[in-house]
Amino acid sequence: MRFNEGGDLDTSDITDIRGSGGGGGGFGGRGIAVGGGGLGLVGLIVVVLINVLGGGSSGGSGSAVTGFGGISQGGSADNRELEQDCRTGADANRDVQCAAVAEINSIQDFWEQSLGGRYQRTDSVFFSGQVQTQCGGASSGSGPFYCPADQLVYIDLTFFDDLRTQFGAQGGLFVDAYVLAHEYGHHVQNLLGINQQVQPGESGPTSGSVRLELQADCFAGVWANHATTVPDDATGQPLIAEINQDDVDRALDAASRIGDDFIQRNLGGGRVDQNSFTHGTSAQRQKWFSTGFSTGDPNQCDTFSTDNLG
């Protein structure tokens, strides 16, 4: 994946609270973080598995997600360093945090242009360690997630390293973009009222939770299909200059490592329990990202009206 060197980065899409102490806080109360982060549920499931295997909470991944409570975000934003470091596509080509800014800009530009007035831009909150949200307290171990209550995406950028080191994913900038595009897929679902079709804590191979997550994967693929043609607001040129087959293969590799079956088999003692599925299998996640990427059509992402999830 390569960015247009002369592209203009807009850090106003970011709320950077790294170093401000995002605020501690526990779990409990009202509100639900969608999927603990979709892709980010990887981290949450690890936490849950550690708790279960270590004699802690006996709840499954569904109950852990609904355990996020409703507390206002803590910490203060300071984008000054980010604004200084991340100005152009050239910066995005050399710096992972600047690449994330460029990816978020492109993702939001796409949905704004596709949905018109139905789309409302929202920030990604860059945090470190832990954070308070209107869906409750979360830590880096929860991975990236979207909170419908405050309509913000939350991510500790070290998750991109964790995806490689803990799960063996090949990684790369396009994989990082897939993670972020998935979370913004949840924002699109929230704006369109799609997430209202899902009962909190629902699980199982055909559950609303699985359908919601697979649709977010598909929406990520739809953006990826258009990424190299989405013009930015400042220059009218696409921020992303190239996505090649190796990038796509790496995204599919990542998708294969964050399916419910893969995680349970490799991190949960080897037993796969379909009744606890909340995100879909590795094959399903690959299928729905591929569907979005090959068609570029969000109308092909209706995971709620099909009996064939893959």
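Refer to the structure printed above.
Basis of the calculations
Residues numbered from 1 in each chain as written. Predicted model: local features only at pLDDT ≥ 70, side-chain atom pairs only at ≥ 80, totals over all residues. Heavy atoms only, no water. Helix = DSSP H or I, 4+ residues; strand = E, 2+ residues; numbered from the N terminus. Buried < 20%, exposed > 50% of the residue type's maximum accessible area, 1.4 Å probe, protein only. Contact = heavy atoms within 4.5 Å. Areas by Shrake-Rupley, 256 points an atom, 1.4 Å probe, with all protein chains shown as cover. Disulfide = S-S within 2.5 Å. Core = buried A, V, L, I, M, F, W, Y, C linked by side-chain atoms within 4.5 Å. Salt bridge = Lys/Arg side-chain N within 4 Å of Asp/Glu carboxyl O.

A. Region of interest: the overall build of the chain. Within the chain, the secondary structure is distributed over 11 helices and eight strands. Sorting the 310 residues of the chain into buried and exposed places 54% on the buried side. Long-range contacts, defined here as pairs at least 24 residues apart, represent 77% of the contacts in the chain between residues at least 6 apart. For the chain, the accessible surface area stands at approximately 11,900 Å², while carbon and sulfur atoms represent 44% of it.

B. Spotlight on the state of the cysteines. Tallied over the full model, the rule gives three disulfides. Between the sulfur atoms of C135 and its disulfide partner C147 the distance amounts to 2.1 Å. Taking the sign of the torsion about the S-S bond as the criterion, the disulfide between C135 and C147, at about 90°, is right-handed. A residue pair is termed long-range when its members are at least 10 positions apart, and C135 in the loop between β4 (130-133) and β5 (136-139) and C147 in strand β6 (residues 145-147) qualify at 12 residues. Here C218 engages in a disulfide with C301; their sulfurs sit 2.0 Å apart. Across the disulfide from C218 to C301, rotation about the S-S bond amounts to roughly -70°, and the bridge is consequently left-handed. You can see C218 sitting in helix α8 (residues 208-226) and its partner C301 sitting in the segment after α11 (282-295), a full 83 residues away along the chain. Both residues of the pair, C218 and C301, belong to the buried class. Here the cysteine-cysteine linkages of the chain are recorded as 1-2, 3-4, 5-6, numbering only bonded cysteines and doing so in sequence order.

C. Region of interest: the nonpolar core. With 64 residues, the main nonpolar core has F126, F174 and W223 as its most contacted residues. Residue assignment for this core shows that the elements contributing at least two residues are α5 (96-115), β7 (152-155), α6 (159-165), α7 (173-192), α8, α9 (245-256) and α11. Ranked by residues supplied to this core, first place goes to α5 with 10 residues. In this structure, F126 is in contact with I14, T15, D16, I17, R18, L82, Q97, A100, V101, I104, I155 and L157, ignoring residues within four places of it in sequence.

D. Focus on the pattern of salt bridges. On inspection of all chains with the given rule, the structure shows 12 salt bridges. A salt bridge links D91 to R94, with the shortest nitrogen-to-oxygen separation between them at 3.1 Å. Note that D91 and R94 are positioned in helix α4 (residues 89-94) at a spacing of three residues, about one turn of the helix. What makes D91 buried here is its relative accessible area of 13%. In this structure, D161 engages R164 in a salt bridge whose closest nitrogen and oxygen atoms are separated by 2.4 Å. Linking D161 with R164, this pair stays in helix α6, spanning three residues, or about one helical turn. The exposure class of R164 is partly exposed, given its relative accessible area of 32%. A single salt-bridge network, built from bridges that share partners, covers D13, D109, E112 and R121.

Taken by themselves, the reported measurements are silent on function.
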